[in-house]
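The chain contents come next:
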Amino acid sequence: MDSARFILDVHLGKLARLLRMTGFDTLYRNDLDDPEIIRIAEDEDRIILTRDRGILKNKRVKHGHFVESTNPKEQLREVIDAFALKNNIHFLSRCIACNGTIEEVSKEEVQEELKPGTNQYFNEFFRCRDCGKIYWEGSHFDRMMHFYEEMKASLGINKTP
Ligand SMILES: [Zn+2]
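Thresholds, definitions, all that
- Residues numbered from 1 in each chain as written.
- Predicted model: local features only at pLDDT ≥ 70, side-chain atom pairs only at ≥ 80, totals over all residues.
- Heavy atoms only, no water.
- Pairing = 2+ DSSP bridges.
- Helix = DSSP H or I, 4+ residues; strand = E, 2+ residues; numbered from the N terminus.
- Axes fitted to C-alpha atoms, helices over the stretch in contact; angles between N-to-C directions.
- Parallel < 35°, antiparallel > 145°, perpendicular 65-115°, else oblique.
- Left-handed = near helix turned anticlockwise from the far one by under 90°.
- Contact = heavy atoms within 4.5 Å.
- Nonpolar A, V, L, I, M, F, W, Y, C, P; charged D, E, K, R; others polar.
- Buried < 20%, exposed > 50% of the residue type's maximum accessible area, 1.4 Å probe, protein only.
- Phe/Tyr/Trp six-rings, centres within 6.5 Å; stacked < 30°, edge-to-face > 60°.
- Lys NZ or Arg CZ within 6 Å of the ring centre and 35° of its normal.

Student: Before we go on, may I ask you to explain the sheet that holds strand β4 (residues 64-66) in this structure?
Tutor: Strand pairs in the sheet, formed through backbone hydrogen bonds, run parallel or antiparallel to each other. Taken together, four strands build an open sheet; the order of strands is β2-β1-β3-β4 and the sheet is parallel. This sheet does not close on itself; its edge strands, each paired only once, are β2 (25-27) and β4. Here the average twist between neighbouring strands, direction ignored, is 25 degrees. Strand direction decides the pairing type here: strand β3 (residues 47-50) and β4, joined by three bridges, are parallel. Note that in β4 the partner of Leu49 across the bridge is His65.

Student: I tried to follow the packing of helix α1 (residues 13-21) against helix α4 (residues 72-82) on my own but got confused; where do I start?
Tutor: In a pair of packed helices, the angle between the axes and the distance between the axes together describe the arrangement. Contact pair α1 / α4: the axes reach a minimum separation of 9 Å and the direction vectors enclose 55 degrees. Taken as axis vectors, α1 and α4 run oblique relative to one another. For the crossing formed where α1 meets α4, the hand is right-handed. Taking contact as the criterion, the partners of Lys14, Leu15, Leu18 and Leu19 in α1 are, on α4, Pro72, Lys73, Gln75, Leu76 and Val79. Looking at the contact of α1 with α4 residue by residue, the class counts come to six nonpolar, one polar and two charged.

Student: Can you walk me through the environment of Arg60 in this structure?
Tutor: With respect to the helices, strands and loops of the structure, Arg60 is situated in the loop between α3 (53-56) and β4. Classification of Arg60 by relative accessible area gives partly exposed; the value is 42%. In this structure the C-alpha to C-alpha distance between Arg60 and Arg129, which are 69 residues apart in sequence, comes to 33 Å. Not counting residues up to four positions away in its chain, the partners in contact with Arg60 are Ile38, Arg39 and Glu42.

Student: Sorry, what's going on with the packing of aromatic side chains here?
Tutor: The geometry of an aromatic ring pair is captured by two quantities: the separation of the ring centres and the angle between the planes. Here the structure, examined in full by the defined rule, presents two aromatic pairs. Aromatic pair Phe6 and Phe24: ring centres 6.4 Å apart, planes at 80 degrees, arrangement edge-to-face. A residue pair is termed long-range when its members are at least 10 positions apart, and Phe6 in strand β1 (residues 5-8) and Phe24 in the loop between α1 and β2 qualify at 18 residues. Here Phe6 and Phe24 have matching classes, each one buried. On the basis of relative accessibility, which here comes to 0%, the residue Phe6 falls in the buried class. An aromatic cluster of three or more residues is present, and its members are Phe6, Phe24 and Phe83. The ring of Phe66 is capped by Arg53, whose NZ or CZ atom sits 3.7 Å from the centre of that ring. In this arrangement the basic side chain of Lys133 is found over the ring face of Tyr135, its NZ or CZ atom lying 5.3 Å from the centre.

Student: Quick question: what am I supposed to make of the sheet that holds strand β5 (residues 102-105) here?
Tutor: Strand order in the open sheet formed by three strands is β5-β6-β7, and the pairing between neighbours is antiparallel. Looking along the sheet, the strands with just one partner apiece sit at the ends: β5 and β7 (134-136). Across the sheet, the mean angle separating the axes of adjacent strands is 30 degrees when strand polarity is ignored. When strand β6 (residues 125-128) meets β7, the two strands line up antiparallel, connected through three bridges. When the sheet's bridge partners are listed, Phe126 is paired in β7 with Tyr135.

Written as structure tokens, this is what we have:
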């Protein structure tokens, strides 16, 4: 599948963050009810991921998947397997907070927004084009990298991000 886009039900907030971390277009809001989720999925051609079988019985739902696991990391693996996405992972391409796209920026560009310690020790920075959140090597970055390595091993992926 080329460009899987998802919308998640209210119970899958942690999975939403992991999907964004791996670069998948993932819409998640904790205030959407079932009819809204179904409408957005229709309008934006998104796959509904849910822990609620009821929503998948609605005739308007074209693409949906019941997530079996309750563990976020296993849920991610499950979704990547179910939609054959392991070669479509683009690490550090999407904002975990808002689903916007992130791009690498120079230190000069973000300098004023950084705390003194960060400014001193790190050199590689990324920023979300939508919400402006800054990611840098050493904070979220290391944790995300560790997670990514772990996941690559478990999925049998060899290529680097
Ligand atoms: Zn953002």
